[in-house]
Structure formats: structure tokens, C-alpha cells
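In case you want the letters, here they are:
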Amino acid sequence: ATRTYKSAIAYLDTIEPKPSFFNEAVTELGVAETELETLHRDKNWQAEHAVNTRNWELAASTLRELMDIVPDRADPRHKDVERRLLDVESRIRKQRK
């Protein structure tokens with residue numbers, strides 16, 4: 001949703017006069033970003049808890065959910081989750097041997 005709002009705002013920013021819904025789009029972008037950050041923080045805590053309790057399967061699953069929440073590979077949050085997921089998957093492989 002945030003990508004779509006950002007794209008719409010960038011497009012609408014080129015138009016004068018601004019359409020009546022421009023301010024609403026800006027407001028909704030803020031709401032979407034806040035919801036994304038809250039969801040990311042909650043899932044990140046769940047993943048950390050699973051790692052700390054050595055529940056590797058749950059950690060991997062939660063980290064995969066986090067990657068879906070922040071799919072942009074350029075986002076530092078995505079890169080962090082990807083790095084952590086590789087570590088957890090490595091631990092799962094070692095555990096299965």
C-alpha cells in the first residue's frame with residue numbers, strides 16, 4: 001500500500017491545481033506507513049523471541065512473513081531480515097544432520 005500511495009502522490013504532485021483527494025492520499029500514506037512499522041515491529045519481536053528460545057522453525061516462518069511485509073530489497077529492514085533468515089536456515093540444516 002505504501003508503494004502505491006507514494007507512486008500516486010508523486011504523480012499527483014505534478015498536477016496543478018491539486019485534486020481534492022491529494023491531501024487524503026498524503027494522510028493515508030502516513031497511516032499506511034505507521035501500520036507497516038507497527039506490524040514490522042511486532043513480527044520482528046516474535047522472530048527475535050523465537051531465535052532466543054531456539055525455536056528455529058518458528059523463527060524462519062516469522063522472518064519469511066517479515067520479508068513479505070517489507071518486500072523492497074533496497075529497504076534496510078528487508079536486508080536485515082534476509083541476513084537473519086539465512087542464519088536461522090543454516091541452524092535448521094545443522095540441527096537436521
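What comes next concerns the included structure. Starting from 1, residues in each chain are numbered consecutively following that chain's sequence as written. In keeping with the model being predicted, local features are shown solely for residues with a pLDDT of at least 70 and side-chain atom pairs are shown and tallied solely at 80 or more, while totals for entire chains, interfaces and linings include all residues. To get the side-chain values, take all heavy atoms of the structure and skip hydrogens and water.

Our next topic: the nonpolar core. Residues belong to one nonpolar core when they are buried, are Ala, Val, Leu, Ile, Met, Phe, Trp, Tyr or Cys, and are joined through side-chain atoms within 4.5 Å. To sort residues, take the accessible area from a 1.4 Å probe on protein chains only and compare it with the maximum for the residue type: under 20% means buried, over 50% means exposed, and anything in between is partly exposed. In this structure, Leu63, Leu66 and Val88 are the most contacted members of the largest nonpolar core, which totals 15 residues. In this text, helices come from DSSP runs of H or I with a minimum length of four residues, and strands from runs of E with a minimum of two, each type numbered from the N-terminal end. Elements with a contribution of two residues or more to this core: helix H2 (22-52), helix H3 (56-69) and helix H4 (76-96). Looking at this core element by element, the count peaks at seven residues for H3. Contacts are assigned to residue pairs with any non-hydrogen atoms lying within 4.5 Å of each other. Not counting residues up to four positions away in its chain, the partners in contact with Val88 are Val51, Trp56, Ala59, Ala60 and Leu63. Ranked by size, the runner-up nonpolar core spans five residues in total, among them Ile9, Phe22, Ala25 and Leu29.

Those residues of helix H1 (residues 2-12) that fall on the buried side of the exposure criterion are Thr2, Ile9 and Leu12. Around the axis of H1, the buried residues are gathered within 95° of arc, so they sit on the same side. Turned more than 90 degrees away from the buried face of H1 sit Arg3, Thr4 and Tyr11, all of them exposed. Looking at the buried side of H1, the elements it contacts are H2. Note: the arc covers the axis-to-C-beta directions of the helix.

Below, the discussion takes up the packing of aromatic side chains. We call Phe, Tyr and Trp rings a pair once their centres come within 6.5 Å, taking the six-membered ring for Trp, and we label the pair stacked below 30 degrees between planes, edge-to-face above 60, and tilted otherwise. One pass over the structure, following the stated rule, counts zero aromatic pairs. When the ring centre of Phe22 is taken as origin, the NZ or CZ atom of Lys18, which lies over that ring, is 5.6 Å away. In our convention, an over-ring charge means Lys NZ or Arg CZ found within 6 Å of a ring centre and within 35 degrees of that ring's normal.

Attention now goes to the pattern of salt bridges. For this document, the term salt bridge refers to a Lys or Arg side-chain nitrogen within 4 Å of an Asp or Glu carboxyl oxygen. Under the definition given, this model contains 13 salt bridges. Residue Arg96 pairs with Glu57 through a salt bridge whose shortest N-O separation is 2.9 Å. Of this pair, Arg96 sits in helix H4 while Glu57 is found in helix H3, placing the two residues 39 residues apart along the sequence. For Glu57, a relative accessible area of 44% puts it in the partly exposed group. Several salt bridges share partner residues, and in doing so they unite Glu48, Asp80, Arg83 and Arg84 into one network.

It is worth spelling out H4 at this point. With 21 residues, H4 should reach 30 Å at 1.5 Å per residue; the first-to-last C-alpha distance of 31 Å fits that figure. Taken together, the buried positions of H4 are occupied by His78, Val81, Arg84, Leu85, Val88 and Ile92. Along the axis of H4, the buried positions cluster into a sector of 130°, meaning they face one direction only. H4 presents Pro76, Arg83, Leu86 and Lys94 as exposed residues on the side facing more than 90 degrees away from its buried surface. The span one expects for a helix is its residue count, reduced by one, times 1.5 Å.

The quantities given are spatial measurements derived from coordinates; they are silent on function.
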